[in-house]
Amino acid sequence: MSGKDELVGIRTAALGKVQAAESSAQLDEIDTQYLGRKGELTLQLRRIGSLSQDERKDFGQSVNDIKAELSEAIAQRRQALDAGESKAKLAAEAVDVTLPGRFYQTGRPHILIETIEKIKRIFIGLGYEFVETPEIEDYKYNFEALNYPPEHPAMDEQMSFYINDDVLLRTHTTAYQHRVMPYRKPPMRVATIGKTYRYENVDATHGHTFHQVDCFAIDHDISLTDLKGTIQQFAVEMFGMDVNVRFRPDFFPFVEPGAEFAVTCFLCKGEGCGVCKGSGWLELGGAGLIHPNILEKAGIDSEEYTGFAFGFGIERMPMLEHGIKDLRLFMENDLRFLRQL
Amino acid sequence: MKVSIDWLREYIDFDCSLDTLADGLTMAGLEVEEVIKLSKEDFTRAGGSGTIDDIVFDSKVTPNRGDWLSMIGVAREAGPVVGGRVKMPNVKLDGSEPTSSDLIKIRIDDPDLCGRYVGIVVRNVEIKESPGWLKDRVIAAGMRPINNVVDITNFVMLELGQPLHAFDYNLLNDAQIVVRRAKPGETITSIDGNERRLEPDMLVIADSNRPVAIAGVMGGEDSEISRQTQDILIESANFNSVSIRRTSKRLGLVTESSYRFERGVDPSIAPLAAMRAAQLIHDLASGDVAKGIVDARPVPVEPLEIKVRPERVNLVLGTSITAENMARFLNSIDIETHLEDGILISQVPTFRPDITREIDMAEEVGRVYGYDKLDTTLPDVTLQGKDSPEGLFRNKIRRSLMACGAQEVLTHSMVEVKLAEIAGNANKAVSIRNPLSEELNSMRTMLAPNLLQVVARNQAYGTVNVSVFETGKVYFQGGSGRPDETLSVAGAMVGDLWRSNWSLPAEALQVDFFTCKGAVESLLGALNISGANYIPVEHPMLHPTRAAKVLVGDREIGILGEVVPAVSDALDVRGRAYIYELDFRALMELAPEMVIYQEPARYPALYRHMAVVVADDVKYAQLVELVIRSGKGLVEAVDMLDVYKGEQVGAGRRSLTLSVVFRSREKTLTDDEVNAVLGEIKEALAQKAGASFR
Ligand SMILES: [Zn+2]
């Protein structure tokens, strides 16, 4: 048998074994048997010395071709076997993906504080500086400095908790105005936000404690339309849609002209729904131009400067937004409630 | 104010829809809160004629607009809405001799409290039931028909806004009326049958020797109109608002009359109202009206002239209304106005005491013009807004505590004084003088008791794993007598750290002292506050041997620990609860404003574990301090791996396994170097802490 015929036989047998191999170990054996230092193909090369010059080149080429082909076949077979083996290994590691995850207890912000933060961000963007203000307030700041005539019926809407004759729990955040105004120079835009207290019996829509924000601006030529525009700007950002603002004359001793303001109902977009009682408007708070008496008391020339002020309750917004019917839920702190919002 | 539409039509003509009218009034500031339909049956049931039905606007009168508490006031406001003018009632009075001034003497002793007192005498009246139409008016206004004379006084009050009173003329001693302050010790039995003690600053109407009415509030029983009454004196007076309000408050007696006087009654309407009532009594009670009126008027009130600059009005309103239109608007609500050299000259009628200066006139112009027609603009100048430093810091705290798994809560500042007692602050708590209830008689001195109440409430609702925190104010009696308030931050936890734990050992999840301390440490870490020390402390809320105060340097910034059973019981908390409470301002002051970045170490660390056996009273913190102090500056950190107590270490001792991290910022340390230092550390621990090693 010629060397060539022998080579063909080796090739056929080797490739057959490769295809039949069932494990990586078997492939290693095949590798050693044919391609190793003492492998059959390697040994074939040693025969090269017994061949003629012409035959040598041809035979050597054939052996190297077969070696390359076999290496490639082994590598391919090895790859196929590896894939199968790791698949089997992973298959054995199955978990029940429907078991519950290991629970991360995450804390959530309280919905009212979240609302307060949102309101603050909007007014900060509109140029207002927030200041910290006392809740236990002097009678004079809560009423007198805000232009309440002595013993006026307007105070009936502001029934107070008293600490003593001169000190009470503020009935509105507006109480801080005279703590700030005399100590700053126009133009100013200042705001405060926090707890207020009124002597009211508690039910689903009334509380003795609630939260308010109060903002004011003083500058040359501030007008009622600036106030309306500012409130509209706030409402657009707060409710994330185009809203209109409606002013209606109202009375607060510290503003003149005074208005109650409403914004387009964000639930029905002004079409009228149960929440806005069909009107398409949500009444939010009180507003107006700062009464000249107040500017003058703060040492600000009321001819040269005008200002506006407005304020509103916080609780109403999340109540409207989340369909909360009972005000008391906010301060009851039932986690089943708080964790939903 | 309940406004009968059927009645309103007597004072103003309109053919617009009631919706338009209601909207128009609301947009003028007289809010129509409810539209009530009254059927014939409703009138019959209330004792009325049963011949008409009616619509009633229940409208909300702001406290500055006493003039809206009358039909003519509402009709006047409706004028610009419907394009008409108010029609005043026609009063024609043919009195007969003797004159009222022959029959009654009126003297005002205290003109500061009574600027005007008008009286008319009507004789030979027949007290009986009112005719149906009169009863219907009174019913529609929400009042109860009594008899013709009383109904007439109420009718005129509702019509013109002037509260009236009718005395039984023959029961007045010496046919005399004296308007004066009460004398010490005087009493009166008011027509509601209550005897009332009068105080010397209360204004009364007296005859020659006794009070017969509490001025502007309520009449007296023994001069009241009755079936036997023949002759009556009609009082139409103007009283000081503040005085009436004080008296009404002091007596706890609010009447239709006092309500109107508090809000201001037009002093000019008194004679018309008296004559209107006399005329009706003549018509409906067949009385003989005495000729003329008695008009005691020590303090005449005249219309106020105000000059208004149209350009100023446009500036504050942000409008461009012509001066002519402004004048037209003002005239349409009976503020007589004309234009002179570009200035509006207005005569403010006496029924509008709320208008005192130019800005008030601007509002009137704006109201008639329509607030809904105002544009929206923004102030020209842009300013830089910002949060308060406290607001910014509060958000840092909130983020950190929420990341530790705590739910943020918001609790009441008004609490039961019991909570201050629990916190050991009973003597410092601020009390509410007029609490709504005993549960709300004090301001909180700590947040933690509130949080334990939140824990208890949630446990009662079946939520057993609770971790909550709050940032908020606490309040104390201040040195100067004025209370202080400051910010605090606190947390409370009970139960398991995680609510679902199917693959973790149960005991690992139970919150304990160290879970609580971990929250505080995390917070301090988030705020970049380092060097906190935890020292055992006694606190009325805390377990005597599981409580610590937190010190940074010399400054005590708060407490933490396990809640003592007595406090848990008092607040209905079940199981072992843990709390911490820290001083917000202290944290704010201690937190560095700026943090400078430090480059991470470039050389590798070497780790050594050692089991240190020490007496029970040797604290972990002492060991750490010794390790660091004797570590030649190479100890980067010490970690706690395990605590063991038991046979192997003997009674009264415990073994703490520490992991010490060695690292140099200059070079890579060798095992030999570290072992040498470790030897010195062990030596120091043995000598200074009596430690042995396992
Ligand atoms: Zn709606």
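### Topic: the overall build of chain B
Phase 1 of the analysis: A count of helices and strands for chain B gives 21 helices and 32 strands.
Phase 2 of the analysis: Its C-alpha atoms give chain B a radius of gyration of 40 Å, clearly above 26 Å, the size a compact globule of 694 residues would have.
Phase 3 of the analysis: Counting only C-alpha atoms and orienting by the principal axes, one finds that chain B spans roughly 130 × 60 × 50 Å.
Phase 4 of the analysis: Here chain B holds 694 residues, and the buried ones make up 55% of them.
Phase 5 of the analysis: When contacts within chain B are restricted to residue pairs at least 6 apart in sequence, long-range pairs at least 24 apart make up 70% of them.
Phase 6 of the analysis: Between the centroid of the 77 positive side chains of chain B and the centroid of its 100 negative side chains there is a distance of 5 Å.

### Describing the overall build of chain A
Phase 1 of the analysis: Counting its secondary structure elements, chain A contains 12 helices and 10 strands.
Phase 2 of the analysis: With the principal axes as the frame, chain A shows a C-alpha extent of 130 × 45 × 45 Å.
Phase 3 of the analysis: The burial tally for chain A puts 54% of its 341 residues in the buried class.
Phase 4 of the analysis: Long-range pairs, those at least 24 residues apart, make up 67% of the contacts in chain A between residues at least 6 apart in sequence.
Phase 5 of the analysis: By element, 50% of the accessible surface of chain A is carried by carbon and sulfur atoms, the whole surface being about 15,500 Å².
Phase 6 of the analysis: When the 38 positive and 52 negative side-chain charges of chain A are each reduced to one mean point, those points stand 10 Å apart.

### Some details on the packing of aromatic side chains
Phase 1 of the analysis: Taken as a whole and judged by the stated rule, the model has 22 aromatic pairs over all chains.
Phase 2 of the analysis: With centroids separated by 6.2 Å and ring planes inclined at 90 degrees, the aromatic side chains of A:Phe261 and A:Phe312 adopt a geometry described as edge-to-face. You can see A:Phe261 sitting in strand β8 (residues 255-264) and its partner A:Phe312 sitting in strand β10 (residues 306-313), a full 51 residues away along the chain. No difference in accessibility class separates A:Phe261 from A:Phe312, as the two residues are buried.
Phase 3 of the analysis: Centre to centre, the rings of B:Phe393 and B:Phe584 are 5.5 Å apart; their planes meet at 85 degrees, and the pair counts as edge-to-face. Taken together, the positions of B:Phe393 in helix α14 (residues 389-403) and B:Phe584 in helix α19 (residues 584-590) put the pair 191 residues apart, joining distant regions of the chain.

### Side note on the sheet that holds strand β13 (residues 218-219) of chain B
Residue and element names in this part refer to chain B.
Phase 1 of the analysis: If you trace the five strands from one edge of the open sheet to the other, you get β5-β8-β11-β12-β13, paired in mixed fashion. Looking along the sheet, the strands with just one partner apiece sit at the ends: β5 (105-108) and β13.
Phase 2 of the analysis: As paired elements, β5 and strand β8 (residues 176-181) share four bridges and run parallel to each other. Paired with isoleucine 106 across the two strands is isoleucine 177, which belongs to β8.

### Focus: the nonpolar core
Phase 1 of the analysis: Ranked by size, the top nonpolar core spans 107 residues in total, and within it A:Ile119, A:Phe123, A:Phe247, A:Phe310, B:Leu452 and B:Met541 carry the most contacts.
Phase 2 of the analysis: Beyond its immediate chain neighbours, meaning those up to four positions away, A:Ile119 contacts A:Ile193, A:Val213, A:Phe234, A:Met238, A:Phe312, A:Ile314 and A:Met317.
Phase 3 of the analysis: Counting 56 residues, the second largest nonpolar core, distinct from the first, contains B:Phe14, B:Val61, B:Val138 and B:Ile281.

### Let's talk about the interface of chain A and chain B
Phase 1 of the analysis: Each partner contributes residues to the interface: chain A has 100 residues there, and chain B has 89 residues.
Phase 2 of the analysis: In total, chain A and chain B occlude about 8,300 Å² of area from one another, counting both sides; carbon and sulfur atoms represent 54% of this.
Phase 3 of the analysis: A salt bridge links A:Glu303 to B:Arg312, with the nearest nitrogen and oxygen atoms 3.8 Å apart.
Phase 4 of the analysis: The interface formed by chain A and chain B contains 48 residue pairs in polar contact (both at pLDDT 80 or more).

### Details of the coordination of the zinc ion
Residues and elements named next belong to chain A.
Phase 1 of the analysis: With distances of 2.2 to 2.3 Å, the protein atoms coordinating the zinc ion are Cys265 (SG), Cys268 (SG), Cys273 (SG) and Cys276 (SG).
Phase 2 of the analysis: Classification of the site at the zinc ion rests on its four donor atoms, whose angles at the metal span 101 to 115 degrees, yielding the label tetrahedral.
Phase 3 of the analysis: All donors of the zinc ion belong to a single chain; written as a sequence motif, their spacing is C-x2-C-x4-C-x2-C.

### Topic: the confidence of the model for chain B
Phase 1 of the analysis: When pLDDT is averaged along chain B, the result is 95; 99% of the residues meet or exceed 70.
Phase 2 of the analysis: Scored as a complex, the prediction yields pTM 0.87 and ipTM 0.90.

### Quick word on the pairing of strand β5 (residues 188-197) of chain A
Residue and element names in this part refer to chain A.
Phase 1 of the analysis: Of all 10 residues that make up β5, 10 are buried, and the element is covered over most of its length.
Phase 2 of the analysis: With two bridges joining them, strand β1 (residues 129-130) and β5 adopt parallel strand pairing. Counted as the bridge partner of phenylalanine 130 is alanine 191 from β5.
Phase 3 of the analysis: Pairing of β5 with strand β6 (residues 209-219) involves 10 bridges; the strand directions are antiparallel. Note that in β6 the partner of valine 190 across the bridge is phenylalanine 216.

### Observations regarding the confidence of the model for chain A
Phase 1 of the analysis: Confidence in the prediction of chain A, expressed as mean pLDDT, is 91, and 99% of residues score 70 or more.
Phase 2 of the analysis: Within chain A, helix α3 (residues 40-46) of chain A has the poorest average pLDDT of any element, 80, and β1(A) the best, 98.

### Notes on the packing of helix α12 (residues 323-332) of chain B against helix α13 (residues 358-369) of chain B
All names here are of chain B.
Phase 1 of the analysis: At a minimum axis distance of 9 Å, the contact between α12 and α13 shows a crossing angle of 85 degrees. With respect to their mutual orientation, α12 and α13 come out roughly perpendicular. Contacts between α12 and α13 pair Met326, Phe329, Leu330 and Ser332 from the former with Met361, Glu364, Val365, Val368 and Tyr369 from the latter.
Phase 2 of the analysis: Tallied by class, residues from the contact of α12 with α13 come to seven nonpolar, one polar and one charged.

### Considering the pattern of salt bridges
Phase 1 of the analysis: Applying the stated criterion across every chain, the model contains 62 salt bridges over all chains.
Phase 2 of the analysis: With a closest N to O distance of 3.3 Å, A:Arg248 and A:Glu260 form a salt bridge. Of this pair, A:Arg248 sits in strand β7 (residues 245-249) while A:Glu260 sits in strand β8, and the two are 12 residues apart along the sequence.
Phase 3 of the analysis: The class for A:Arg248 is buried, based on a relative accessible area of 2%.
Phase 4 of the analysis: Note on A:Glu260: relative accessible area 7%, which makes it buried.
Phase 5 of the analysis: Between B:Glu470 and B:Arg444 there is a salt bridge whose closest N-O contact spans 3.3 Å. With B:Glu470 in strand β23 (residues 466-476) and B:Arg444 in the loop between β22 (442-443) and α16 (448-460), this residue pair connects regions lying 26 residues apart in the sequence.
Phase 6 of the analysis: Note on B:Glu470: relative accessible area 0%, which makes it buried.
Phase 7 of the analysis: Within the structure, one salt-bridge network assembled from shared partners comprises B:Arg65, B:Asp67, B:Glu77, B:Arg352, B:Asp354, B:Glu364 and B:Arg367.

### Observations regarding helix α7 (residues 148-160) of chain B
Residues and elements named next belong to chain B.
Phase 1 of the analysis: Here α7 contains 13 residues, and its C-alpha end-to-end distance of 18 Å stays within 8% of the 18 Å for a straight helix at 1.5 Å per residue.
Phase 2 of the analysis: Most of α7 is tucked away: 12 of the 13 residues are buried.
Phase 3 of the analysis: Listed as buried for α7 are Asn148, Val149, Asp151, Ile152, Thr153, Asn154, Phe155, Val156, Met157, Leu158, Glu159 and Leu160.
Phase 4 of the analysis: Its side-chain oxygen at 3.2 Å from the backbone nitrogen of valine 149, asparagine 147 defines the N-terminal cap of α7.

### Remarks on the side chain of B:Ser655
All names here are of chain B.
Phase 1 of the analysis: As for its position among the elements, serine 655 is in strand β31 (residues 653-662).
Phase 2 of the analysis: At 3.4 Å, the side chain of serine 655 and the side chain of arginine 694 are in polar contact.
Phase 3 of the analysis: When near neighbours in sequence (up to four residues on either side) are disregarded, serine 655 contacts Ala611, Val612, Val613, Asp642, Val643, Tyr644, Val649 and Arg694.

### Digging into the environment of B:Val204
All names here are of chain B.
Phase 1 of the analysis: Inspection of the secondary structure puts valine 204 in strand β11 (residues 203-206).
Phase 2 of the analysis: Overall, the relative accessible area of 0% leaves valine 204 in the buried class.
Phase 3 of the analysis: As a C-alpha pair, valine 204 and glutamate 324 span 120 residues in sequence and 48 Å in three-dimensional space.

### Side note on the sheet that holds strand β25 (residues 532-536) of chain B
Residue and element names in this part refer to chain B.
Phase 1 of the analysis: In space, the seven strands of this open sheet follow the order β20-β23-β24-β28-β27-β26-β25, with mixed pairing throughout. Each edge of the sheet is formed by a strand with only one pairing partner; in this case those strands are β20 (407-408) and β25.
Phase 2 of the analysis: Examined bridge by bridge, strand β27 (residues 555-563) and strand β28 (residues 577-583) share five bridges and lie antiparallel to one another. Following the sheet pairing, leucine 560 is matched in β28 by tyrosine 580.

What counts and how
- Residues numbered from 1 in each chain as written.
- Chains lettered and ligands numbered in written order.
- Predicted model: local features only at pLDDT ≥ 70, side-chain atom pairs only at ≥ 80, totals over all residues.
- Heavy atoms only, no water.
- Helix = DSSP H or I, 4+ residues; strand = E, 2+ residues; numbered from the N terminus.
- Rg over C-alpha atoms; globule rule 2.2 N^0.38 Å.
- Buried < 20%, exposed > 50% of the residue type's maximum accessible area, 1.4 Å probe, protein only.
- Contact = heavy atoms within 4.5 Å.
- Lys, Arg positive; Asp, Glu negative; His and termini not counted.
- Charge placed at Lys NZ, Arg CZ, Asp CG, Glu CD.
- Areas by Shrake-Rupley, 256 points an atom, 1.4 Å probe, with all protein chains shown as cover.
- Phe/Tyr/Trp six-rings, centres within 6.5 Å; stacked < 30°, edge-to-face > 60°.
- Pairing = 2+ DSSP bridges.
- Core = buried A, V, L, I, M, F, W, Y, C linked by side-chain atoms within 4.5 Å.
- Buried area = accessible area lost by both parts, 1.4 Å probe.
- Salt bridge = Lys/Arg side-chain N within 4 Å of Asp/Glu carboxyl O.
- Polar contact = N/O pair within 3.5 Å; in protein donor to acceptor, adjacent residues only side chain to side chain.
- Donors = N, O, S within 2.8 Å, 3.2 Å for Na, K, Ca; no water.
- Tetrahedral: all angles 85-135°; square planar, octahedral: opposite > 155°, others 65-115°.
- pLDDT = per-residue confidence, 0-100.
- Axes fitted to C-alpha atoms, helices over the stretch in contact; angles between N-to-C directions.
- Parallel < 35°, antiparallel > 145°, perpendicular 65-115°, else oblique.
- Nonpolar A, V, L, I, M, F, W, Y, C, P; charged D, E, K, R; others polar.
- Expected span 1.5 Å × (residues − 1).

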